[in-house]
Amino acid sequence: MSRERNQAQEDRAGEKARHTVRELLDAKGRTYADDAGIKLRDTPQPLCQLLVLACLSSTRIRASVAAASARALFDAGLRSPRRMADASWQQRVDALGEGGYRRYDESTATRLGAGAELVLEEFGGDLRRLRSAADGDRDGMRALLRKVPGIGPTGADIFLREAQGVWPEVAPFFDGKALQGAERLGLPRDPDRLAALTNKDESHLLAAALVRTALERRR
């Protein structure tokens, strides 16, 4: 009887968690790439745009400002590594300012230029080559991403968290900030258990929604 009672409790807890996840996805299930106007696909330009967003999001700046500043860079024509590298430092600073990214605009403008140069030199402007170089291994991809100026552990995790939507071998991927959101909602902190609460192709949306939850907690 005790075993049956425990099973019933586990079933109720599982159903409650799935309901929480569904409500969360309905309310906040959009990626930060969406916020930045990036139509993420497994093609060179949007992947490099995601890398720009990851760089901007790595500093102590609000996520909304990082997304707006990425949009401003893209609207200024800096949509590819070549265009980013060829732009002047002042052009990058001005675009960041348009997006409201003023506290770290000068140093970030420098890193964006250096990062674009590295992506061109190492991967021919195509981050799918980074994926291939790591043979699809998540830790290998993280290590290669961290070679890019402006991309540290946080930036690499931001990139992979969003990229799992188009690089399925990365999924399920929930970085530390996403796991903070899960803890706040009483959801499992184990990535596989979290992923099991929704459809296989929604891990990136759940991760973003959990990050939004964690960031709201700080306000």
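Preceding this section is the structure that the text describes.
Residues numbered from 1 in each chain as written. Predicted model: local features only at pLDDT ≥ 70, side-chain atom pairs only at ≥ 80, totals over all residues. Heavy atoms only, no water.

**A look at the packing of aromatic side chains**
In step 1: The full count for this structure, using the stated rule, is 1 aromatic pair.
In step 2: Taken together, a centroid distance of 5.7 Å and an interplanar angle of 65° make the contact between Phe159 and Trp167 edge-to-face. Here Phe159 matches Trp167 in class, with each residue buried.
In step 3: The ring of Tyr32 carries Arg212 above its face, with NZ or CZ at 4.2 Å from the centroid. (Phe/Tyr/Trp six-rings, centres within 6.5 Å; stacked < 30°, edge-to-face > 60°. Buried < 20%, exposed > 50% of the residue type's maximum accessible area, 1.4 Å probe, protein only. Lys NZ or Arg CZ within 6 Å of the ring centre and 35° of its normal.)

**What about unusual backbone geometry?**
In step 1: Omega for the peptide link from Ala171 to Pro172 comes to -5°, which places this bond in the cis form.
In step 2: For Pro172, the position within the fold is in the loop between helix H10 (153–163) and helix H11 (176–184).
In step 3: At Asp135, a residue that is not glycine, the phi angle is positive and equals roughly 55°. (Helix = DSSP H or I, 4+ residues; strand = E, 2+ residues; numbered from the N terminus.)

**A few points about the nonpolar core**
Side chains that are nonpolar tend, in soluble globular proteins, to be buried together.
In step 1: Of all hydrophobic cores here, the largest spans 70 residues; its most connected members are Leu56, Leu73, Leu127, Phe159, Phe174 and Leu210.
In step 2: Broken down by element, this core gets its largest block of residues, 9 residues, from helix H3 (residues 44–57).
In step 3: When neighbours within four sequence positions are excluded, Leu56 is seen to be in contact with Ile61, Ala66, Ser69, Ala70, Leu73, Leu96, Tyr101, Thr108 and Leu112. (Core = buried A, V, L, I, M, F, W, Y, C linked by side-chain atoms within 4.5 Å. Contact = heavy atoms within 4.5 Å.)

**Concerning helix H9 (residues 138–145)**
For the α-helix, the turn length of 3.6 residues means that residues three or four positions removed from each other point alike.
In step 1: The complete set of buried residues in H9 reads Met141, Arg142, Leu144 and Leu145. The arc that holds the buried residues of H9, viewed along the axis, is 165°, so those residues lie on one side.
In step 2: Packed against the buried residues of H9 are H3, helix H8 (128–133) and H10.
In step 3: Structurally, the start of H9 carries an N-cap: the backbone nitrogen of Asp139 is 3.3 Å from a side-chain oxygen of Asp137. (Arc of directions from axis to C-beta. Polar contact = N/O pair within 3.5 Å; in protein donor to acceptor, adjacent residues only side chain to side chain.)

**Structural notes on the packing of helix H6 (residues 89–98) against helix H7 (residues 105–123)**
In step 1: Put simply, H6 and H7 touch, their axes get as near as 9 Å, and they point 125° apart. It follows from the interaxial angle that H6 and H7 lie oblique. For H6 against H7, the interelement crossing comes out right-handed. Seen from H6, the contacting residues are Trp89, Arg92, Val93 and Leu96; seen from H7, they are Asp105, Glu106, Thr108, Ala109, Thr110, Leu112 and Gly113.
In step 2: Its residues placed into classes, the contact of H6 with H7 shows 5 nonpolar, 3 polar and 3 charged. (Axes fitted to C-alpha atoms, helices over the stretch in contact; angles between N-to-C directions. Parallel < 35°, antiparallel > 145°, perpendicular 65-115°, else oblique. Left-handed = near helix turned anticlockwise from the far one by under 90°. Nonpolar A, V, L, I, M, F, W, Y, C, P; charged D, E, K, R; others polar.)

**Notes on the pattern of salt bridges**
Oppositely charged side chains are able to pair whenever their charged atoms sit close together.
In step 1: Throughout the structure, instances matching the rule amount to 13 salt bridges.
In step 2: With a shortest N-O distance of 3.1 Å, Glu202 and Arg22 are connected by a salt bridge. With Glu202 in the loop between helix H12 (191–195) and helix H13 (203–217) and Arg22 in helix H1 (residues 2–28), this pair connects stretches of sequence that are 180 residues apart.
In step 3: A salt bridge links Arg142 to Asp157; the nearest nitrogen and oxygen atoms lie 3.0 Å apart. In this pair, Arg142 is assigned in helix H9 and Asp157 in helix H10, connecting sequence segments 15 residues apart.
In step 4: For Asp157, a relative accessible area of 18% puts it in the buried group. (Salt bridge = Lys/Arg side-chain N within 4 Å of Asp/Glu carboxyl O.)

**Regarding the state of the cysteines**
In step 1: On inspection of all chains with the given rule, the structure shows 0 disulfides.
In step 2: With no disulfide of its own, Cys48 lies 13 Å from the sulfur of Cys55, the closest cysteine sulfur.
In step 3: Classification of Cys48 as buried rests on a relative accessible area of 7%.
In step 4: In this structure Cys55 comes out as buried when scored by relative accessible area, which is 6%. (Disulfide = S-S within 2.5 Å.)

**So, the side chain of Glu162**
In step 1: Within the element layout of this structure, Glu162 appears in helix H10.
In step 2: One buried charged side chain, Glu162, makes no salt bridge at all; its nearest oppositely charged neighbour is Arg161, positioned 4.0 Å away.
In step 3: In this view, Glu162 contacts Thr31, Tyr32, Ala33, Leu40, Leu50, His204 and Ala208; residues no more than four positions away in its chain are not counted. (Lys, Arg positive; Asp, Glu negative; His and termini not counted.)

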